[in-house]
Amino acid sequence: MRLLLPNMNNDIWTGIFGQQHTKELLQRIIASNRIPHAFLFSGPEGVGKYLTAIRFAQALNSNPTDNVNSENVALKIAHHSEPYLKFIMPLPRGKNETSDNTSLEKLSKEQLDLLKEETDKKISNPYYHICLENANNIKISSIREIRKFLSMNFDEVKYRIILISEAHLMNDEAQNALLKNLEEPPEGAIFILLTSNRNLLLDTIISRCWSVNFEPLSTEDIISILTRNFSIDEDTSKSLALFSNGSVYKALDFLKHDFDSFKGKVINILRYSIASKFHSAYKEIQPLISDSSGQSLKLVIQLIIFWFVDVQKNKHQIQDYFFWEDSETVEKFNLKFSNIDINNIVVNLSNIEQAVDNNVNLNILALNIIFELASLRFNRI
Amino acid sequence: MEFKVNSKSLEKLLTKIIPAVPSRTPMPILENFLFELKDGLLTIYATDLEIALKSSLNVVAEENMKLVVPARLLYDIVRSLQETTILFQITPGGKINLKTDNGVYTISYLLPEEFPDIPTFPEPGSTSTENIGEVIISGNELKRAIDQTSFAMSKEDMRPAMMGTLMEFTEEGLRFVSTDGHRLVNLLKKEIHLTYNEQYIVPERAISVLVKILEEKDVKILLSKTYISYKVGDIEFITRLIAQKYPDYKSVIPLENENKLKIRTAELLSAVKRMLLFSPTNSRKVKFSITANNVEISAEDIDQGAFAKENIYCEYSGESIDIGFNSAYVNDVISHLQTEEEIYFKLHSPTKAVIIEPVKKKDNEDIMMLLMPVRLNN
């Protein structure tokens, strides 16, 4: 895919879908020429925070009187070229790595190659979700490298942007190390922290940043991104977008499975569980817990919740179903169980979803889902 | 598009440039050389954004061009060749063929746009608003100055300014200062002046690379606010400066150290080296008990049940004093004064900084080291 570069005279937000409100806000900041030295971009995963940050950085460093140079700088920013942009992200740990090593020093050749590959994908497709195994936090050595980067004299560069992706993956120690730099950065240094979970950030970090909120994307935007940036066919994009909660990453998660058969499986699980055919239900769900991360199980739960949303919609005669191919099933379900407590089951299922992240045994969780569904027939209001 | 170059002269050039190529970097483009071919002159650049090295040689070529080639691979292949002529053929498909008498080696190249800009200085005589300083210093002298000062640079990244060596131009001359808060070196070269006074902080990485490329020849140094360039023969070495204020080192140099201890450097150094073996690994403490005409140096490692002491003759005028030091720091300081026959320790009290300097002062330079004592708990 060709790297899209913004045309500085025309639209600085090239390639960004949705986020109208955010774009306007940032536009006003650029126009005011009084740029805060730290930003916190917060919002769900996969809604365009990264691309917005890149475009913002490009806009800040553009010079209307010198188009050639501005384009050159814009290209460098898009490629994460220091000194214009320092890109910080969670990294895996190398063998025998201690906090004295630099962030890449102990990584193996394979890890480095993978890192480069994933970063390149992100550069050429800003909505791509970087997936590195065991990259669970932002290393303190990365934060130290920021300090070193900032101490160097780069007077000829107007703005140096430090872009910290998934900032909530800094542990407390790393966050505290960052604080000092956030407090008094040298002139021209601008921090942009991206996070989908700002609750994990220290208050002291949040209070030093200018907060910019991002919204979930509309279904149309998701469809456009999936078809244009990921070359996914229109039909698949449409059905994925419905379940995406406005996040490209979520849509792509579903895509990892054959989505139609995955949906079918979820319906089967529902059917067997409610009919108390526990063994059949378990046989359906079992292949999905073979990946030990539990991600597939989470998707199952999410789809089941969507299905209950359909049930609720049906009750209120809203025809706009997620499982529109299975609308009959939904209607039948409502005829049979007209007075069950849907809120309760959704809350319980969400709790199970949470438990996946807390490392609860997946087999137990799978059974919990089945029994939770089976209990429906006894939980009437 | 092609050009020819002798393998040995290319190897010589690449050997000088390759220290600036970083090995593990988040920016893969830096693992390349930038080749710039202009009017038969091939200039090769390498940079890690902090430092940059460049050098040129004449080649047989008809066109001008720029390209980016993988540094390690090119260096390794050129280095392993016998003396021969290499023909570089650049193909439009993004490949370079390196042809020798018997072989062809194909490597990929990249376009130069992504390669970072290497800072340059305005041509002499151009109307630039920026103040560019220029001094010439003998390579040997600069190397010695760096050797004597760089050991005391801080490795503690909380204060980035101290992680470099200060080059300070004053009316008295050029001062090299480095400190980590425990020791400080202050070396003054009296004969080197600029027309104005200014401080430049050269980062640690630059210092360590600079020492490697310095030769006997004179070095031309160009100084701007953001970077310094060192021209050593046909190589140009450019480093960014640390954009921080250097701590006010003058305020920590005590003025009232009236008690002077005169001692032979070689004797003290060899004794200190033995004490290193006996000082505890955590505190590295060594004790100096100073009386008139005698210093008793002792170290004790209680965990190991080891103890050592030595007596050395000295000349001392003040009151008897017991003072403790970190033996590794004493060793560092004295070994960098080895060439002096005798040195002075100027003391005040067991808790105040000690000044160490040579007894015989040179005409054109002035060196002073400062060492913080450690507390003795008896």
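What you are looking at is a predicted structure, and each value in this text was computed from that prediction instead of being measured. (Residues numbered from 1 in each chain as written. Chains lettered and ligands numbered in written order. Predicted model: local features only at pLDDT ≥ 70, side-chain atom pairs only at ≥ 80, totals over all residues. Heavy atoms only, no water.)

The next point concerns the pairing of strand β16 (residues 227–232) of chain B. Residue and element names in this part refer to chain B. Buried residues dominate β16, accounting for five of its six residues. Here β16 runs beside strand β17 (residues 235–240); their pairing, made up of six bridges, is antiparallel. Looking at the pairing, Tyr227 lines up with Arg240 of β17. Hairpin connection from β16 to β17: two residues lie between these consecutive antiparallel strands, with Gly233 at a positive phi of about 60°. (Buried < 20%, exposed > 50% of the residue type's maximum accessible area, 1.4 Å probe, protein only. Helix = DSSP H or I, 4+ residues; strand = E, 2+ residues; numbered from the N terminus. Pairing = 2+ DSSP bridges.)

This paragraph deals with the domain arrangement of chain A. Frequently, the measure chosen for interface size is the accessible area that the parts lose on association. Considered domain by domain, chain A is made up of domain 1 (20–213) and domain 2 (257–378). A straight line from the C-alpha centre of domain 1 of chain A to that of domain 2 of chain A covers 39 Å. (Domains from an automatic or database assignment.)

Evaluation of the coordinates by the stated rule reveals 23 aromatic pairs over all chains. Centroid distance A:Phe149 to A:Phe154: 6.2 Å. Interplanar angle 40°. Geometry classified as tilted. Judged by its relative accessible area of 7%, A:Phe149 is buried. We classify A:Phe154 as buried; its relative accessible area is 7%. An aromatic cluster of at least three residues, connected via ring pairs, comprises A:Phe243, A:Phe254, A:Phe306, A:Phe322 and A:Phe323. In this arrangement the basic side chain of B:Lys260 is found over the ring face of B:Tyr344, its NZ or CZ atom lying 4.4 Å from the centre. (Phe/Tyr/Trp six-rings, centres within 6.5 Å; stacked < 30°, edge-to-face > 60°. Lys NZ or Arg CZ within 6 Å of the ring centre and 35° of its normal.)

Let's shift gears to the interface of chain A and chain B. Residue-level contacts link 25 residues of chain A with 24 residues of chain B. Taking both partners together, chain A and chain B bury about 2100 Å²; carbon and sulfur atoms supply 58% of that area. At the junction of chain A with chain B, the criterion picks out three salt bridges. The shortest N-O distance in the salt bridge between B:Glu50 and A:Lys148 comes to 3.0 Å. At the boundary of chain A with chain B, the tally comes to 11 residue pairs in polar contact (both at pLDDT 80 or more). Mapped onto the side of chain A that touches chain B, the elements with two or more residues apiece are α3 (67–78), α4 (109–124) and α5 (140–151) of chain A. (Contact = heavy atoms within 4.5 Å. Buried area = accessible area lost by both parts, 1.4 Å probe. Salt bridge = Lys/Arg side-chain N within 4 Å of Asp/Glu carboxyl O. Polar contact = N/O pair within 3.5 Å; in protein donor to acceptor, adjacent residues only side chain to side chain.)

Residue and element names in this part refer to chain A. By size, the foremost hydrophobic cluster in this structure holds 116 residues, and its most contacted members are Phe39, Phe56, Leu163, Ile192 and Phe308. Among the elements that make up this core, the one with the highest residue count is helix α13 (residues 295–315) (11 residues). The residue makeup of this core includes at least three contributed by each of domain 1 (20–213) and domain 2 (257–378). Ignoring sequence-local partners within four residues, the contact set of Phe56 consists of Trp13, Leu26, Ile29, Ile30, Ile35, Phe39 and Ile192. (Core = buried A, V, L, I, M, F, W, Y, C linked by side-chain atoms within 4.5 Å.)

Looking now at the side chain of A:Glu353. All names here are of chain A. Among the secondary structure elements, Glu353 is positioned in helix α15 (residues 342–357). It turns out Glu353 is buried and unbridged, and the closest side chain with the opposite charge, Lys298, is 5.1 Å from it. A distance of 2.7 Å separates polar atoms of two side chains, one belonging to Glu353 and the other to Gln302. Apart from the residues within four sequence positions on either side, Glu353 is in contact with Lys298, Ile301 and Gln302. (Lys, Arg positive; Asp, Glu negative; His and termini not counted.)

Residue and element names in this part refer to chain A. Taken in spatial order, the five strands make up an open sheet running β2-β3-β4-β1-β5, and their pairing is parallel. The open sheet has two free edges, formed respectively by β2 (85–88) and β5 (210–213), since each of these has just one partner strand. Here the average twist between neighbouring strands, direction ignored, is 20°. Pairing of β2 with strand β3 (residues 160–164) involves four bridges; the strand directions are parallel. Across the sheet, Lys86 pairs through a bridge with Ile162, a residue of β3. Lying on the sheet, helix α2 (residues 49–60) is in contact with β1 (38–42), β2, β3 and β4 (189–195); it crosses β4 at an angle near 165°. (Axes fitted to C-alpha atoms, helices over the stretch in contact; angles between N-to-C directions.)

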